[in-house]
Amino acid sequence: MLLFTGVALVVAAIVLDGVAYRVHTMTKAAGNEASKQGKPEQTKKIRKGILLSVVGGLLMGMFFPLVEIGKKGPNGLGPYAIGFVFAVGVFLSTFVFNAYFMRNPVQGEPLRFREYFRGTFKEHFWGIIGGVVWAVGTLSSFVAASAPRELQVGPAISYALGQGSTMVGAFWGVVVWKEFAGGGSFVKRLLVLMFILFVSGLALVSIAPLFAAGR
């Protein structure tokens, strides 16, 4: 019951986030005649964004099961070996994905590889720092998951820490990057309710294994 309710609350939060984005987009378009003329193009972008979100979610869902398969058996990889293989995979696939999305961007004009070298030192610096932080966090996750069972934190804390990154990303998007700026009071109320539902759902999913273990 806790698990089902928690997942339902998270799904409701995702739906509310989508509704808030839709209302925000329509509000901006209503105040701009040029946006009204480009309504079919805007609808196309929204559909593309939803499709990319679904595909991205499916790929992320396959990530840890594949990592666990790689750890099994007498020839299974350790956490640092998994981190190395993962880093090599990220490096090689970057050329494939970058080539595609630079030629077929989700938004904006197509780019060429030489555009990368036109970026400022500050832009490249923060890009590299972001990659380092992400890599260290991922490797730390591999190491923690490979620790002896008696040294690991409980399932509630582990799940909350892992999935809390989504909450942090949403918070930064709303508060720091101002992605919903100018959306109006209704959009703000939807976002507040979205955060409440997401945190509540995350809490319920996190504590559900504790009751299962108690049985």
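See the structure shown above.
The shown structure was predicted, so the numbers you read here are calculated from the model rather than taken from an experiment.

1. A word on empty space enclosed by the protein
Thinking step 1. Enumeration over the complete set of coordinates arrives at one cavity of 30 Å³ or more.
Thinking step 2. Taken as a whole, the largest cavity holds about 30 Å³ of empty space.
Thinking step 3. The wall of the largest cavity is formed by Phe64, Val67, Glu68, Lys71, Ile82, Ser141, Phe142 and Ala145.
Thinking step 4. Listing elements by their share of the lining of the largest cavity, those giving two or more residues are helix H3 (39-71) and helix H5 (121-146).
Thinking step 5. Of the residues forming the lining of the largest cavity, the biggest block, four residues, is contributed by H3.

2. A look at helix H4 (residues 79-103)
Thinking step 1. Here H4 spans 35 Å end to end across 25 residues, near enough to the 36 Å set by a 1.5 Å rise per residue.
Thinking step 2. Remark: the principal bend of H4, roughly 35 degrees, maps to Ser93.
Thinking step 3. For H4, the full list of buried residues reads Pro79, Ile82, Gly83 and Met102.

Rules behind the numbers
Residues numbered from 1 in each chain as written. Predicted model: local features only at pLDDT ≥ 70, side-chain atom pairs only at ≥ 80, totals over all residues. Heavy atoms only, no water. 1 Å grid on protein atoms, 1.4 Å probe; cavity = no way out; pocket = protein on both sides within 12 Å on 5 of 7 lines; lining within 4 Å. Points joined across faces, edges and corners; volume = space filled by probe spheres on them. Helix = DSSP H or I, 4+ residues; strand = E, 2+ residues; numbered from the N terminus. Expected span 1.5 Å × (residues − 1). Bend = angle between axes of the 7 residues up to and from the residue. Buried < 20%, exposed > 50% of the residue type's maximum accessible area, 1.4 Å probe, protein only.

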